[in-house]
Amino acid sequence: MASPELFSVLVEVHLRDGIADPQGATIERALPALGLGGVTGVRAGKAFRFDIAADDEASALAQATVVADRLLANPVIEESAVTVTPAVAAAPAAAGPAAAGPAAAGPAGSQS
Amino acid sequence: MAARVGVVMFPGTNCEHDAVLAVQRLGASADLVWHGDTSVAGYDALVLPGGFAHGDYLRPGAIARFSPVMEAVGRFAAEGGPVLGICNGFQVLTEAGLLPGALQKNRGLRFLCTTVSVRVESSASVLTAGVPVGTELSIPINHFEGNYTCDRETLAVLRDEDRVVLRYVDNPNGSVDAIAGVCNADRNVVGLMPHPERASDPLLGSVDGAVLLRALLASALASAEPVARATVA
């Protein structure tokens, strides 16, 4: 049995097309004050990051999609996009089997 | 016989005592039901009052939906028990899938705290039974996320099935079709953004909310008799 690996998940939630976005509209109206009159189509949303321990990327994606669909987004008005990447095997935080990290750490990983 | 009302309280709920007092003054008995409870046995009606359940984190009602009591609320509703969601309680019921649609930030991004006129659009719900269509009621609103939204198909169903229970006379928040309150297909679950419990005494400036709460209590007694739900704790 494969020991679980850690995957980084990014879930972006935004309002469905056609749903009024008063936040995005308000931001857009503020932009001319910066001298930026050419910005259009501003849509506000939310982003969530978390880690999932899973046997493989497909399993991590499946679990993350459940989190996104059942909790993070309200499907009546919102859509979500889920991105899964292998976690950067740097932090030895847990005393677990960190050695299982994949050879290529993957392109993502830059935190804010 | 007095109706027994359970007023469900989540961490962050803040209108529970108003709701308890309002229905008590109309002759009902009322208890608070903690969100961690797993039974609502013994009640003839449930009220999910206003506030900020679980801090409104993520979205209003999004976390409250997972509170243990919600499973019991769902069963109570499925058995035909009257369930009323007021403001945040309405948001919780939509998130829980007991009512259609969702409540978005108000058009104009303003928190609204004022008294509005709402019109009864259907007498076929546990909240409006016996209240003539067209009756205008003066009831306070107090919300940031009260802008009722649903897709076109859902709106068509709500209209066709006469499930828009209340409409704003002068739409304050951008709600689609000026909807202030809706009910489920079985008409025993109703959600509304206005606060009827805050318009239930002359001292509060209006007693129009008592019209709705009285109808709820009558519905509670009516539904309690034939169904005779188990009163085992």
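Residues numbered from 1 in each chain as written. Chains lettered and ligands numbered in written order. Predicted model: local features only at pLDDT ≥ 70, side-chain atom pairs only at ≥ 80, totals over all residues.

Regarding its fold elements, chain A presents 2 helices and 3 strands. If you list the helices and strands of chain A from N to C, you get β-α-β-α-β. Residues classed as buried in chain A amount to 20% of the 112 residues present. Contacts in chain A between residues at least 24 apart in sequence constitute 63% of all its contacts with a sequence separation of at least 6. (Helix = DSSP H or I, 4+ residues; strand = E, 2+ residues; numbered from the N terminus. Buried ≥ 20, exposed ≤ 12 C-beta atoms within 10 Å, placed from the backbone. Contact = placed C-beta atoms within 7 Å.)

In a beta sheet, neighbouring strands are held together by backbone hydrogen bonds and run either parallel or antiparallel to one another. Residue and element names in this part refer to chain A. If you walk across this open sheet you meet the 3 strands as β2-β1-β3, and the pairing is antiparallel. Unpaired on one side and paired on the other, β2 (45-54) and β3 (78-86) mark the two borders of the sheet. On average, each strand axis in the sheet is inclined to that of its neighbour by 20°, with strand direction left out of account. Here strand β1 (residues 5-15) runs beside β3; their pairing, made up of 9 bridges, is antiparallel. Bridge pairing in β3 places His 14 opposite Glu 79. The strands touched by helix α2 (residues 57-72) within the sheet are β1, β2 and β3, with β3 carrying the most contacts at an inclination of about 155°. (Pairing = 2+ DSSP bridges. Axes fitted to C-alpha atoms, helices over the stretch in contact; angles between N-to-C directions.)

Okay, the confidence of the model for chain B next. All names here are of chain B. Taken over all residues, the pLDDT of chain B has a mean of 94, while the share at 70 or more is 96%. For residues 226-233, every residue scores under 50 in pLDDT, and the model assigns this stretch 11 contacts once sequence neighbours within four places are set aside. In the model output, the complex is listed with pTM 0.86 alongside ipTM 0.79. (pLDDT = per-residue confidence, 0-100.)

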